[in-house]
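# Observations on the model geometry
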Amino acid sequence: MSEKASLLAIHQSLRKCFQLIEEQQQTWNITLPECSPLIGSLSNVAEQLQACEKVSFEKTALSRYPDLQPQLRYKLISAMTVILEKLALKMNDLQKVRDSISHQVYTAFQVYEQQADAVGVQTCLEGSAVHPSIADMLEWIQDIENHYRYEYLRRKLLLEVREGNVSVIKELTQSWQMMAEQARPDPVPDILLKVSFFREAK
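Here goes a summary of the coordinates provided.

### Describing the overall build of the chain
- Helices and strands together make up the secondary structure of the chain, namely eight helices and zero strands.
- Along the chain, helices and strands appear, N-terminal first, in the series α-α-α-α-α-α-α-α.
- By the compact-globule yardstick of 17 Å for 202 residues, the chain is too spread out, its C-alpha radius of gyration being 25 Å.
- Oriented by its inertia axes, the alpha-carbon framework of the chain measures out at about 85 × 25 × 25 Å.
- Going through the 202 residues of the chain one by one, you find that 38% of them count as buried.
- When contacts within the chain are restricted to residue pairs at least 6 apart in sequence, long-range pairs at least 24 apart make up 83% of them.
- A total accessible area of about 11900 Å² is found for the chain, and carbon and sulfur atoms account for 53% of it.

### Things to note about the environment of V188
- Tracing the sequence through the fold places V188 in helix α7 (residues 188–194).
- Owing to a relative accessible area of 0%, V188 belongs among the buried residues under this scheme.
- Taking the C-alpha atoms as reference points, V188 and A135, 53 residues apart in sequence, are found 17 Å from one another.
- When near neighbours in sequence (up to four residues on either side) are disregarded, V188 contacts I21, Q25, I144 and Y148.

### Brief notes about the pattern of salt bridges
- Applying the stated criterion to the full structure yields eight salt bridges.
- The closest approach of N and O atoms between E145 and R149, which form a salt bridge, is 3.3 Å. Here E145 and its partner R149 are both found in helix α4 (residues 134–159), four residues apart, which amounts to about one turn of the helix.
- With its nearest N and O atoms 3.4 Å apart, the salt bridge here joins K194 to D190. Within this pair, K194 and its partner D190 are both found in helix α7, separated by four residues, close to a single helical turn.
- The partly exposed category is assigned to K194, whose relative accessible area is 38%.
- Classification of D190 as partly exposed rests on a relative accessible area of 41%.

### So, the side chain of E145
- Residue E145 is classed as buried on the basis of its relative accessible area, which comes to 13%.
- The contacts of E145, once residues within four sequence positions are left out, are I101, S102 and V105.

### What to know about the packing of α4 against helix α6 (residues 172–181)
- Where α4 meets α6, the closest approach of the two axes is 11 Å, and the angle between their N-to-C directions is 170°. With respect to each other, α4 and α6 are oriented roughly antiparallel. Residue-level inspection shows R154, R155, L158 and L159 of α4 in contact with α6, the latter providing L172, S175, W176, M179 and A180.
- The residue makeup of the contact of α4 with α6, split by class, is six nonpolar, one polar and two charged.

About the cut-offs
Residues numbered from 1 in each chain as written. Predicted model: local features only at pLDDT ≥ 70, side-chain atom pairs only at ≥ 80, totals over all residues. Heavy atoms only, no water. Helix = DSSP H or I, 4+ residues; strand = E, 2+ residues; numbered from the N terminus. Rg over C-alpha atoms; globule rule 2.2 N^0.38 Å. Buried < 20%, exposed > 50% of the residue type's maximum accessible area, 1.4 Å probe, protein only. Contact = heavy atoms within 4.5 Å. Areas by Shrake-Rupley, 256 points an atom, 1.4 Å probe, with all protein chains shown as cover. Salt bridge = Lys/Arg side-chain N within 4 Å of Asp/Glu carboxyl O. Axes fitted to C-alpha atoms, helices over the stretch in contact; angles between N-to-C directions. Parallel < 35°, antiparallel > 145°, perpendicular 65-115°, else oblique. Nonpolar A, V, L, I, M, F, W, Y, C, P; charged D, E, K, R; others polar.

Put into structure tokens, the structure is as follows:
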């Protein structure tokens, strides 16, 4: 394959990668906020369950209903289970974003490695204000992949709680919000801006 054809193959692969990243970023930005109401509901139910377990119904007017407390506890645990299942679906969607980006980045690097000798190091390092170098773009897509891997893993670990761990679940809203506040800056918008002219070129 000629140098020109090899360069074209690398550029096409990178354009495809940036296109997918933009699409997956939109999915991520839609899905992630949908988790917050579920987290809030989960914390509320956990707080109700904790209160239910602390109250001694025998010492109240409700003592005439001996099955009330276990029934209430069962309903609250069932509600938590439903919410956790909905959260699991949202996390699956976030995982698909991470996996799709990782796969496309891997493919772009494969294409580069296959064509690198024909293109040469010097060409890969050359760039301009409107046409970033191949080296820069490879670094950027790797930064994006690492960003989504990191952000997904943080949330996955936070949500790996058991239904019985009520005190931990009750604090999930605060922990989730704190995680959002401590999130690393999203590199995607800035990088997509840097490659806007490159993506439009054919």
